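Residues per chain, in single letters:
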Amino acid sequence: MRGRSLEVLISAALLLAPALGFAQASADALADAQACARKNLPTRTLELRATFTKVDRVGGERVSRAKVIGKKLDDGLQRAVLRFDRPVDVRGTAMLMIENATGPSDFYVYSPDERRTRRISGKSSGGLFGTDFSYDDFENWRGFSKRSKTELLPDAVEAGRSVYVIAGTPAAEDGSSYERIVSYIDRETCVVLRIDSYEPGAKLRKVLHADPASVEKTGEIAIARSIELQDVLDSTRTRVSIDAIRLDLDLPDRLFRQTDRASGS
């Protein structure tokens, strides 16, 4: 009887071995794709200029411009600040994003009219600062990590480039306006070429495209200088042109604290 039991265990192990091997291979492939996606995050600091051109459903355009600075602090987490200088109605407005290792990112907005900084407590998929970008979209664009259940989908081709495809389901308690986010990552440059963001009910709400032809290297980082975010529901889109990219500047931590936003520093 004992010999028979041993045979059953051996047979079960042999049957499970291929499945376990496949699961490990899938986990390794997902880790490779995620490592690729993180490859183009700045190791220290980043500064750039971003020009946002929103095109409404009848073709009208509104142009906004912001200086963007980012830093990885000693705790390994990212912080980023967008400070707008045009148009006049948003001049001086600033947004601080703080990556959080145990929960959703924290957002703070400084309004020059109110002369105070306020913390953002809720999120929606609506656009901010005269663009189509929501808080979630800014977070996804800058590559901030999120608590989510991720899976690697079959490789695909995007804009003629071979890409990894990663699908993520944000944790419900993090309050994301999206229930599913699918990212397409260039296997060669590791630049995210497309992000599909779905609202509850599997409704595609936003699609972000990066132009592979605009990808350039600054130092060791590859960056797409031309991207576009489309709001499928509102039939609007925002083009983003990026220039004046600089890395590894001496940016003090105080520039990335919410208490300094009102001071204009």
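Note that the coordinates shown come from a computational prediction; the quantities given were computed from them, not determined experimentally.

On to the overall build of the protein, then. Across its full length, the protein carries two helices and 15 strands. For the protein, the share of sequence-separated contacts (at least 6 apart) that also reach a separation of at least 24 residues comes to 46%. Of the roughly 13900 Å² of accessible surface on the protein, 51% is carried by carbon and sulfur atoms.

Ranked by internal contacts, the top residues of the largest apolar core, which has 43 residues, are Phe52, Met95, Phe133, Phe138 and Trp141. Every residue in contact with methionine 95, bar those within four places of it in the chain, is listed here: Ala80, Val81, Leu82, Phe107, Tyr108, Val109, Phe129, Tyr135 and Phe138.

Moving on, we come to the environment of isoleucine 195. The topology assignment puts isoleucine 195 in strand E10 (residues 192-199). Placed 30 residues apart in sequence, isoleucine 195 and valine 165 show a C-alpha to C-alpha distance of 9.6 Å.

Further remarks concern the packing of aromatic side chains. Geometrically, a pair of aromatic rings is defined through the distance of the ring centres and the angle of the planes. Within the structure shown, the criterion is met by ten aromatic pairs. Measuring from centroid to centroid gives 6.2 Å for phenylalanine 52 and tryptophan 141, while their planes differ by 80°, and the two rings are edge-to-face. With phenylalanine 52 in strand E1 (residues 45-55) and tryptophan 141 in helix H2 (residues 135-141), this residue pair connects regions lying 89 residues apart in the sequence. Taking relative accessible area as the criterion, phenylalanine 52 reaches 1% and is therefore assigned buried. On the basis of an interplanar angle of 55° and a centroid distance of 5.8 Å, the ring pair of phenylalanine 133 and tryptophan 141 is categorised as tilted. Aromatic ring contacts, followed pair by pair, group Phe52, Phe84, Phe129, Phe133, Phe138 and Trp141 into a single cluster. Here the guanidinium or amino end of arginine 194 rests over the ring plane of tyrosine 184, the centre of that ring lying 4.5 Å away.

About the cut-offs
Residues numbered from 1 in each chain as written. Predicted model: local features only at pLDDT ≥ 70, side-chain atom pairs only at ≥ 80, totals over all residues. Heavy atoms only, no water. Helix = DSSP H or I, 4+ residues; strand = E, 2+ residues; numbered from the N terminus. Contact = heavy atoms within 4.5 Å. Areas by Shrake-Rupley, 256 points an atom, 1.4 Å probe, with all protein chains shown as cover. Core = buried A, V, L, I, M, F, W, Y, C linked by side-chain atoms within 4.5 Å. Buried < 20%, exposed > 50% of the residue type's maximum accessible area, 1.4 Å probe, protein only. Phe/Tyr/Trp six-rings, centres within 6.5 Å; stacked < 30°, edge-to-face > 60°. Lys NZ or Arg CZ within 6 Å of the ring centre and 35° of its normal.

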